[in-house]
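# A look at the structure
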Amino acid sequence: MVNGTREGMELVTELTTHSAGGAERSGSVVVGVLALQGDFAEHAAAVGRVGADVLEVRTVEQLHRVDGLIIPGGESTTIARLMIAYGLREPIIERGREGLPIWGTCAGAILLAEEIVTLDRPGLHLMPMTVERNAYGRQIDSFEADLSSGALGGGPLHAIFIRAPRIRSVAEDVEVLLRLGAEQGHEPVAVQWDSLMATTFHPELTEDNRLHERFVGMCEAYASAKTSRSATKAAGRSAAAAAGGSG
Amino acid sequence: MVIETATQTVKAGLAQMLKGGVIMDVVTPEHARIAEEAGACSVMALERVPSDIRSSGGVARMSDPSLIRGIIDAVSIPVMAKVRIGHFVEASILEALGVDYIDESEVLTPADESFHINKHEFAVPFVCGCRDLGEALRRIAEGAAMIRTKGEAGTGNIVEAVRHMRSVQGAISRLQSMGDEELVSYSRDIGAPVELVRQTREMGRLPVVNFAAGGVATPADAALMMRLGADGVFVGSGIFKSEEPARMANAIVRAVTHYEDDEILAEVSTDLPNAMPGLEIDKIPESEILAKRGW
């Protein structure tokens, strides 16, 4: 980089590592954060806090180096458009179908949904649920709330909703991790379906790392399964080679 | 379950979501759609772009609500609009219209020569301009949830935007090496609350998102501001005063995403339509320098 003033950002990352929760990881997984637009720097810092390596993803080549992908908060129309313009949409869909863990927050949750209410361009359509954009109103209706921790365990989780989408419905086999309270109809705000996770709020804006821990765990499981798959393949190949040699 | 709205966290949080993006000035719903299609993360609804305000003179005020409503209805990205410095009634009107962010802007004619708006009283978040760290922190103390460096709007000349961004970033980097004993006197010198100065030192950056504004005319200008430390870019006259707004808008959006990638910057800068004609700052009469409005 020609000019060093961006170093301030790295300093923020360092300063926020105090809440690391003691996680010391091997650093064997690389968690990608889609960095087209939005609060990708906050996600990168949170991934760093839980001890995994981070790669900002802006190109297909970078996408192929990661063991998981976070699609951050931002403007869903903007991110959707840039994914198409930069040729990333199809490769992300392909990797998602192959089992790459993908986690979408807010705009990212919208893009993961199979059905999107009021988005005038295609998303990724990977996850069997229906999501409505800006469903709580305009910015003055943005809100904060304490969610009971549900499937995550531990105390309440403070959640920040900014021009948030609403998960209108999910398929039967989608697991609901977190919900709003009874007064808000218990509606789901964090869901998981196999290797895909979606949250309509912004865990990256708080110091609570539980969801980042969970996602990095998903990435580790994916990476180790991939390693054992390729080890099996390699073993198969050498066995075949050995067999060929003896014949 | 307790639901809290209009907290400083959700106000500043929307600005976090705009980062890495381009906010474009638009004067019609049609412009707004072009901007959204090109990948703008937000639009600023106004009656005249700054270069037209500059050339037509007279008192520049908040835009007509019908224009703002038309733009809100045309796009699904957040819509911002401008009020005059200190004009809290214009701000109340914009809040009632449902705009997502208010820009208390030096581009309009100031309404109050002593006081900016007390922005804490509003549910809608505010963005304000600054030329240096002291001015940025004074605005944050009044409740601004986002800052932009002022630059000199409507000129197509990046020099003032660079001056203001370097001034803010330079002050923050000097702050890093200051001991506690220096903070009170430094805060007095720059006219900012000591608590915000301390917070800025600890974070190593402004406590809220900081965009660049005022003079961005090309993709290279936009990437320059990102490399100098901006979180994103406002483009005013630079898009709809260029010969092909949609192409220029696309190119600037791409330059902001890939501001560190020289090959992409070369590609998006190639065979561009003519940028807006620029103005030299020292040819502008002193009384027409917009950045001097506000304090």
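Above this note sits the structure.
Report on the accompanying structure. (Residues numbered from 1 in each chain as written. Chains lettered and ligands numbered in written order. Predicted model: local features only at pLDDT ≥ 70, side-chain atom pairs only at ≥ 80, totals over all residues. Heavy atoms only, no water.)

With that settled, consider the overall build of chain B. Scanning chain B from terminus to terminus reveals 13 helices and nine strands. Taken along its principal axes, the extent of the C-alpha atoms in chain B is 55 × 50 × 45 Å. By sequence separation, contacts in chain B at least 24 residues apart represent 67% of the contacts at least 6 residues apart. If you sum the accessible surface of chain B, you get close to 10,800 Å²; carbon and sulfur atoms cover 51% of it. Placing the 29 positive and 43 negative side-chain charges of chain B at their respective mean positions leaves the two points 3 Å apart. (Helix = DSSP H or I, 4+ residues; strand = E, 2+ residues; numbered from the N terminus. Contact = heavy atoms within 4.5 Å. Areas by Shrake-Rupley, 256 points an atom, 1.4 Å probe, with all protein chains shown as cover. Lys, Arg positive; Asp, Glu negative; His and termini not counted. Charge placed at Lys NZ, Arg CZ, Asp CG, Glu CD.)

Over the atoms, a rolled probe matching the size of one water molecule traces out where space is still vacant. All names here are of chain B. On inspection of all chains with the given rule, the structure shows four cavities of 30 Å³ or more. Counted as a void, the largest cavity has a volume near 190 Å³. Looking at the largest cavity, it is lined by 22 residues, and the ones nearest its centre are Pro50, Ala153, Ala213, Gly214 and Gly236. Looking at the lining of the largest cavity, the elements with two or more residues in it are β9 (233-235) and α11 (237-240). Residue composition of the lining of the largest cavity, by class: eight nonpolar, eight polar and six charged. (1 Å grid on protein atoms, 1.4 Å probe; cavity = no way out; pocket = protein on both sides within 12 Å on 5 of 7 lines; lining within 4 Å. Points joined across faces, edges and corners; volume = space filled by probe spheres on them. Nonpolar A, V, L, I, M, F, W, Y, C, P; charged D, E, K, R; others polar.)

Okay, the packing of aromatic side chains next. For the structure shown, the criterion picks out seven aromatic pairs over all chains. Members of the aromatic cluster, joined through ring pairs, are Tyr136, Phe143, Phe161 and Phe201 of chain A. (Phe/Tyr/Trp six-rings, centres within 6.5 Å; stacked < 30°, edge-to-face > 60°.)

We now examine unusual backbone geometry. Negative phi values dominate among residues other than glycine, just as trans dominates among peptide bonds. Residue and element names in this part refer to chain A. Here the phi dihedral of Asn134 falls at roughly 45°; this positive angle occurs in a residue that is not glycine. By relative accessible area, Asn134 is classed as partly exposed at 24%. One non-glycine residue, Arg163, lies in positive phi territory at about 40°. Its place among the elements puts Arg163 in the loop between β8 (157-161) and β9 (166-170). Taking relative accessible area as the criterion, Arg163 reaches 6% and is therefore assigned buried. (Buried < 20%, exposed > 50% of the residue type's maximum accessible area, 1.4 Å probe, protein only.)

A complete count under the given rule lists 37 salt bridges over all chains for this structure. A salt bridge links Asp208 of chain A to Arg210 of chain A; its shortest N-O distance comes to 2.7 Å. Taking the shortest distance from any N to any O, the salt bridge between Arg84 of chain B and Glu90 of chain B comes out at 2.7 Å. For Arg84 of chain B, a relative accessible area of 14% gives the class buried. Look at the salt bridges and you will find they share partners, linking Glu75, Arg138 and Arg163 of chain A together with Asp100 of chain B into a network. (Salt bridge = Lys/Arg side-chain N within 4 Å of Asp/Glu carboxyl O.)

Let's shift gears to the side chain of His258 of chain B. Structurally, His258 of chain B can be placed in the loop between α12 (245-257) and α13 (262-269). Among the residues examined, His258 of chain B registers a relative accessible area of 5% and is labelled buried. If near-sequence neighbours (up to four positions away) are discounted, His258 of chain B is found in contact with Arg58 and Tyr86 of chain A together with Ile264 and Leu265 of chain B.

What follows covers the sheet that holds strand β1 (residues 30-34) of chain A. All names here are of chain A. Ordered in space as β2-β1-β3-β4-β12-β11-β10, the seven strands form an open sheet in which the pairing is mixed. For this open sheet the edge positions go to β2 (53-57) and β10 (175-179), each flanked by a neighbour on one side alone. Averaged over all pairs of adjacent strands, the angle between their axes in this sheet comes to 20°, without regard to strand direction. Sheet analysis places strand β3 (residues 68-71) next to strand β4 (residues 102-105), joined by three bridges and oriented parallel. From the neighbouring strand, Ile70 faces β4, where its bridge partner is Trp103. (Pairing = 2+ DSSP bridges. Axes fitted to C-alpha atoms, helices over the stretch in contact; angles between N-to-C directions.)

Here the focus is the environment of Phe201 of chain A. Residue and element names in this part refer to chain A. One can find Phe201 in the loop between β12 (196-199) and α7 (210-246). Considering only alpha carbons, one finds Phe201 and Gly73, 128 residues apart in sequence, at a separation of 8.5 Å. Each residue touching Phe201, except ones within four places of it in the same chain, is listed here: Thr105, Cys106, Leu147, Leu157, Ala159, Ile160, Phe161, Leu178, Val189, Ala190 and Leu211.

Moving on: helix α8 (residues 180-190) of chain B. Residue and element names in this part refer to chain B. If you check which residues of α8 are buried, you get Leu183, Tyr186 and Ser187. Mapping the buried residues of α8 onto a view down its axis gives an arc of 105°, with all of them on the same face. Pointing more than 90 degrees away from the buried face of α8 are the exposed residues Glu181, Val184, Arg188 and Asp189. Summarising the contacts, the buried residues of α8 are in contact with α6 (133-141), α7 (159-176) and α9 (194-203). At the C-terminal side of α8, Gly191 shows a positive phi close to 70°. (Arc of directions from axis to C-beta.)

Time to look at the side chain of Thr200 of chain A. Take Thr200 of chain A: it is sitting in the loop between β12 and α7. Apart from residues no more than four positions distant in its own chain, Thr200 of chain A is found in contact with Cys106, Phe161, Ala164, Pro165, Ile167 and Val189 of chain A.

Taken together, the side chains of Phe88, Val89 and Ile93 of chain B present a nonpolar region at the surface, about 270 Å² in accessible area. Here Ile93 of chain B shows up in helix α5 (residues 88-97). (Patch = residues over 30% accessible without salt bridge, like charges linked within 9 Å, V, L, I, M, F, W, Y side chains within 5 Å.)

With 52 residues of chain A at the interface, the matching set in chain B holds 54 residues. Summing both sides of the interface, chain A and chain B together bury roughly 4,100 Å²; the carbon and sulfur share of this comes to 53%. At the surface where chain A touches chain B, the tally comes to four salt bridges. Ionic pairing is found between Arg121 of chain A and Glu37 of chain B, a salt bridge with its closest N-O pair at 3.5 Å. At the boundary of chain A with chain B, the tally comes to 22 residue pairs in polar contact (both at pLDDT 80 or more). If you list the elements that add at least two residues to the side of chain A that touches chain B, you get α1 (7-15), α2 (40-49), α4 (76-85), β7 (143-147) and β8 of chain A. (Buried area = accessible area lost by both parts, 1.4 Å probe. Polar contact = N/O pair within 3.5 Å; in protein donor to acceptor, adjacent residues only side chain to side chain.)

Residue and element names in this part refer to chain B. What the eight strands build is an open sheet, ordered β8-β7-β6-β5-β4-β3-β2-β9; its pairing is parallel. Because the sheet does not close on itself, it has two edges, and the strands there are β8 (209-211) and β9. Ignoring which end each strand starts from, the neighbouring axes of this sheet average 30° apart. Two elements, strand β3 (residues 42-45) and strand β4 (residues 79-84), share three bridges in a ladder whose sense is parallel.

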